[in-house]
Amino acid sequence: IMESLGGNQLFFDRFVAQHIAFFYYWLVVILYMVSPAVAYDLNKHVEQHAYATYDEFLTSHADELRAQPAPQVAIDYYQKGDLYMFDAFQYDLAAVGSKAVPLITTEIEPQGVDGVEDDNASQSHKSLRRRPIVKTLYDVFYNIREDEAEHASTMQILQRDITLRNRGRD
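Residues numbered from 1 in each chain as written. Predicted model: local features only at pLDDT ≥ 70, side-chain atom pairs only at ≥ 80, totals over all residues. Heavy atoms only, no water.

**Q** Help me understand the side chain of Thr136 in this model?
**A** Secondary-structure assignment places Thr136 in the loop between strand E2 (127–129) and helix H6 (137–167). Setting aside residues up to four positions removed in sequence, Thr136 forms contacts with Leu65, Arg66, Gln68, Pro69 and Ala70. (Helix = DSSP H or I, 4+ residues; strand = E, 2+ residues; numbered from the N terminus. Contact = heavy atoms within 4.5 Å.)

Structure (structure tokens):
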């Protein structure tokens, strides 16, 4: 998405981003080998910082972003395909710990082979899936921000699970 907005035009930007990602990956791998809880905590803080950064960006540029259409790559990413089990893992953050429920759902008509509707499909076979709204550039950055919150929540859950598992060994 960022590349479609010109985020990869300068060699220096690409070089710095790729090398930071490389070193960050190996830092987290080493941290995980030493202490998984610390590695999850670091990732949680990085994701929380990303959320805060996107939130500040959305607040300060809301009008400009709402005036621009979403890039096609963002529409494709959020609206089409399996998205690596996107529907299975996007849950209401407030429901963590109790029964988790999908955030935003849309009703999907059952389809036959190659997208051709199956005349035998009944109403009971309709399914729900979460797909965020992606009409403007504001929607794109909003969805990215919400993804960061989901990542931070996942890191917190993993950190909690590791901590609880380790307590059981004592």
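**Q** Would you take a moment to explain the packing of aromatic side chains for this structure?
**A** The geometry of an aromatic ring pair is captured by two quantities: the separation of the ring centres and the angle between the planes. Counted according to the given criterion, the structure contains seven aromatic pairs. Ring centres 5.8 Å apart and planes at 35 degrees place the aromatic pair Phe11 and Phe15 in the tilted group. With Phe11 and Phe15 both in helix H1 (residues 11–34) and four residues apart, the pair spans about one turn of that helix. For Phe11, a relative accessible area of 60% corresponds to the exposed category. An aromatic cluster is built from Tyr54, Phe57 and Phe141, whose rings are joined through pairwise contacts. (Phe/Tyr/Trp six-rings, centres within 6.5 Å; stacked < 30°, edge-to-face > 60°. Buried < 20%, exposed > 50% of the residue type's maximum accessible area, 1.4 Å probe, protein only.)

**Q** What exactly am I supposed to notice about the nonpolar core here?
**A** A general feature of soluble globular proteins is that nonpolar side chains tend to end up buried together. Membership of the largest hydrophobic core comes to 13 residues, with the highest contact counts inside it found for Leu65, Val134, Val140, Phe141 and Ile144. For this core, the elements supplying multiple residues, two or more each, are helix H2 (36–60), helix H3 (62–66), helix H4 (72–79) and H6. With five residues, H6 is the largest single contributor of residues to this core. Beyond its immediate chain neighbours, meaning those up to four positions away, Val140 contacts Ile1, Ala70, Pro71, Ala74 and Val134. (Core = buried A, V, L, I, M, F, W, Y, C linked by side-chain atoms within 4.5 Å.)

**Q** Would you take a moment to explain the packing of H2 against H6 for this structure?
**A** Two measures define how a pair of helices packs: the angle their axes make with one another and the distance between the axes. Look at H2 against H6: their axes get within 8 Å of each other, and the N-to-C directions meet at 160 degrees. The angle between H2 and H6 places the two elements in the roughly antiparallel class. Judged by the sense of rotation from one axis to the other, the crossing of H2 with H6 is left-handed. Looking at the contact of H2 with H6, its residues break down into 17 nonpolar, six polar and seven charged. (Axes fitted to C-alpha atoms, helices over the stretch in contact; angles between N-to-C directions. Parallel < 35°, antiparallel > 145°, perpendicular 65-115°, else oblique. Left-handed = near helix turned anticlockwise from the far one by under 90°. Nonpolar A, V, L, I, M, F, W, Y, C, P; charged D, E, K, R; others polar.)

**Q** Looking at this model, I keep getting lost on a nonpolar patch on the surface. Mind explaining?
**A** A cluster of nonpolar residues, Phe22, Phe23, Tyr25 and Trp26, forms a patch on the protein surface that exposes about 490 Å² of accessible area. Along the polypeptide, Trp26 turns up in helix H1. Trp26 sits in the partly exposed class, given a relative accessible area of 41%. (Patch = residues over 30% accessible without salt bridge, like charges linked within 9 Å, V, L, I, M, F, W, Y side chains within 5 Å. Areas by Shrake-Rupley, 256 points an atom, 1.4 Å probe, with all protein chains shown as cover. Salt bridge = Lys/Arg side-chain N within 4 Å of Asp/Glu carboxyl O.)

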